[in-house]
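Spelled out from the first residue to the last, the chains are:
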Amino acid sequence: MIKQVDINAPYRTLPISYLIQTARYFSCTIQIQSADSTIDVKDYDAMQKNFEPDGKRLIFYLSGADEKEAEHRIRCIFQE
């Protein structure tokens, strides 16, 4: 089952590298919605080339054993 996590604006802007490092800490799959596709947050090249946030919200999709811990951490890093 895939868990959807919405981070609504206003949210703290983070460097892509920080988001990637955070995602790589967890074993679960972490993807983010960008324009018309989803991107593996752990893939630096894909994030660098294809990630285009819309500014209103970020939508993450998590799936795996530690998805609850990953959700908590993702929510925390975006809080201002």
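Caption draft 1: Spotlight on the packing of helix α1 (residues 16–24) against helix α3 (residues 67–78). Relative to each other, α1 and α3 sit at 160 degrees, their axes nearing to 10 Å. For the element pair α1 / α3, the angle class is roughly antiparallel. In the packing of α1 onto α3, the handedness of the crossing is right-handed. Residue-level inspection shows Tyr18, Leu19 and Thr22 of α1 in contact with α3, the latter providing Arg73, Ile77 and Phe78. Of the residues in the contact of α1 with α3, the class split is four nonpolar, one polar and one charged.

Rules and cut-offs
- Residues numbered from 1 in each chain as written.
- Predicted model: local features only at pLDDT ≥ 70, side-chain atom pairs only at ≥ 80, totals over all residues.
- Heavy atoms only, no water.
- Axes fitted to C-alpha atoms, helices over the stretch in contact; angles between N-to-C directions.
- Helix = DSSP H or I, 4+ residues; strand = E, 2+ residues; numbered from the N terminus.
- Parallel < 35°, antiparallel > 145°, perpendicular 65-115°, else oblique.
- Left-handed = near helix turned anticlockwise from the far one by under 90°.
- Contact = heavy atoms within 4.5 Å.
- Nonpolar A, V, L, I, M, F, W, Y, C, P; charged D, E, K, R; others polar.

By themselves, these observations are geometric and do not establish any function.
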